[in-house]
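Chain and residue survey
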Amino acid sequence: MSKLKKLNDEDLITISDTFGDFLEEEISKIVSTKELEDIDLGIVANYLNDQLDVSCNVELLFDELTEVSNDSLENAIDEAYLKLDNFIENNYKE
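Some words on the nonpolar core
Counting residues in hydrophobic clusters, the biggest one holds 22 residues, and the most contacted among them are Ile-15 and Leu-84. Counting only elements with at least two residues in this core, the list comes to helix H1 (9-30), strand E1 (36-48), strand E2 (51-62) and helix H2 (70-91). Among all residues touching Leu-84, those that are not within four sequence positions of it are Ile-15, Phe-19, Phe-22 and Val-54.

Now the structure itself:
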C-alpha cells in the first residue's frame, strides 16, 4: 500500500470539494434534483499525524412526494467514499 503524501490546506480543500462532487453525483442517482428542495453537505477533512480523515454530514430536504430509504442514502455515501479513495490513491499517494 502506498504512503499518503504530506497534505497542505489547499489539498484538504480540493479533497473536500471533490468529495462533495462525488456525494452530489451519487445522491442524484437515487433522487432527482427536482425532488430535492435543499441539500446540505457538511464535509470536514482533517490531516493529523500523517492520517487523513474525511467525514460528512448529509442533510436532504425532499419535496412532500419523494421517498428515499436510509439504505439507499447510505449506499450513495458509501459509493462516494469509494470514489474518494480512488481519487486519493491516484493523486495523493507516493
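So, next bit.
Re the pairing of E2
Summarising the sheet, E1 and E2 pair through 12 bridges and their orientation is antiparallel. If you follow Asn-46 over to E2, its bridge partner there is Asp-53. The hairpin turn running from E1 into E2, its antiparallel successor, is 2 residues long, and Asn-49 in that turn takes a positive phi close to 50 degrees.

Thresholds applied
- Residues numbered from 1 in each chain as written.
- Predicted model: local features only at pLDDT ≥ 70, side-chain atom pairs only at ≥ 80, totals over all residues.
- Heavy atoms only, no water.
- Core = buried A, V, L, I, M, F, W, Y, C linked by side-chain atoms within 4.5 Å.
- Buried < 20%, exposed > 50% of the residue type's maximum accessible area, 1.4 Å probe, protein only.
- Helix = DSSP H or I, 4+ residues; strand = E, 2+ residues; numbered from the N terminus.
- Contact = heavy atoms within 4.5 Å.
- Pairing = 2+ DSSP bridges.

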